[in-house]
Amino acid sequence: MFCPRCAAENGSEQAYCRQCGLALADVQLAVQGVAAESLKKLRSGSHLMNGGIATLAVFMLIAVVITFIGVTQGHPVLTAIAMLNAAFGALIGLPLIMVGKSRMSQALHLLSGGESVRILGSQRKNQSLPAGVESERRPLPAPGSVTEHTTLDLRTQRKP
């Protein structure tokens, strides 16, 4: 596998380029051909989750409005109808959210190369993964890479 930045040849198991230190996870995904499939699953899961959340929010809002009308008009039957509406919204919305989360988890697993990942919101910590995803373990630099032996020797020298 060749680095897209400096064209140095690297092993297929390497996480970083030996010459310039560029993360090679994107190149590995392109070589394996799983990037497009994973992104499709990620978008699908995102749409399902958003649909489930919107469904749940709409049904809950309707339930609150019906409850408010029932209390102000003095009709306790409307409160029972509002509870049924909220339960119906949960029966529809929660499975959509769970299926969407499952699809996103599968896609993130494929995109991370088998590492376990977690969703972080808007932070982007690891540039080789999509926005909102951080790897829970970082690969070690390859032997002979540019990042080897870069720490300073901080031992203090004694004066005679």
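So, how was this worked out
Residues numbered from 1 in each chain as written. Predicted model: local features only at pLDDT ≥ 70, side-chain atom pairs only at ≥ 80, totals over all residues. Heavy atoms only, no water. pLDDT = per-residue confidence, 0-100. Helix = DSSP H or I, 4+ residues; strand = E, 2+ residues; numbered from the N terminus. Contact = heavy atoms within 4.5 Å. Buried < 20%, exposed > 50% of the residue type's maximum accessible area, 1.4 Å probe, protein only. Phe/Tyr/Trp six-rings, centres within 6.5 Å; stacked < 30°, edge-to-face > 60°. Patch = residues over 30% accessible without salt bridge, like charges linked within 9 Å, V, L, I, M, F, W, Y side chains within 5 Å. Areas by Shrake-Rupley, 256 points an atom, 1.4 Å probe, with all protein chains shown as cover. Salt bridge = Lys/Arg side-chain N within 4 Å of Asp/Glu carboxyl O. Disulfide = S-S within 2.5 Å.

Points about the confidence of the model for the protein
Right, on to step 1. Residues with a pLDDT of 70 or more make up 66% of the protein, whose mean pLDDT is 75.
Right, on to step 2. Ranking the elements of the protein by mean pLDDT puts strand β1 (residues 117-119) last with 45 and helix α2 (residues 35-73) first with 89.
Right, on to step 3. Segment residues 115-127: pLDDT under 50, and 35 contacts once partners within four positions in sequence are set aside and those in other chains are kept.
Right, on to step 4. Counted against residues more than four places away or in other chains, residues 133-138, with its pLDDT under 50, gives 21 contacts.

Focus on unusual backbone geometry
Leaving glycine aside, a negative phi is the common case for residues, and trans is the common case for peptide bonds.
Right, on to step 1. Phi at Ala 7 is positive, roughly 65 degrees, even though this residue is not glycine.
Right, on to step 2. What makes Ala 7 exposed here is its relative accessible area of 53%.

Here we look at the packing of aromatic side chains
Right, on to step 1. One pass over the structure, following the stated rule, counts one aromatic pair.
Right, on to step 2. Pairing Phe 59 with Phe 88 gives two aromatic rings, centres 5.6 Å apart and planes at 70 degrees, and the pair type is edge-to-face. In this pair, Phe 59 sits in helix α2 while Phe 88 sits in helix α3 (residues 76-111), placing the two residues 29 residues apart along the sequence.
Right, on to step 3. For Phe 59, a relative accessible area of 18% translates into the label buried.
Right, on to step 4. The class of Phe 88 is partly exposed, set by a relative accessible area of 46%.

Some remarks on a nonpolar patch on the surface
Right, on to step 1. Residues Leu 61, Val 65, Phe 68 and Ile 69 make up a contiguous nonpolar surface patch of about 410 Å² in total accessible area.
Right, on to step 2. In this fold, Phe 68 is placed in helix α2.
Right, on to step 3. Classification of Phe 68 by relative accessible area gives exposed; the value is 58%.

What about the state of the cysteines?
Right, on to step 1. Taken as a whole, this structure holds zero disulfides when the rule is applied.
Right, on to step 2. Left unpaired, Cys 3 is separated from the closest cysteine sulfur, that of Cys 20, by 3.6 Å.
Right, on to step 3. Here Cys 6 stays unpaired: no disulfide links it, and the sulfur of Cys 17, its closest cysteine neighbor, is 3.5 Å away.

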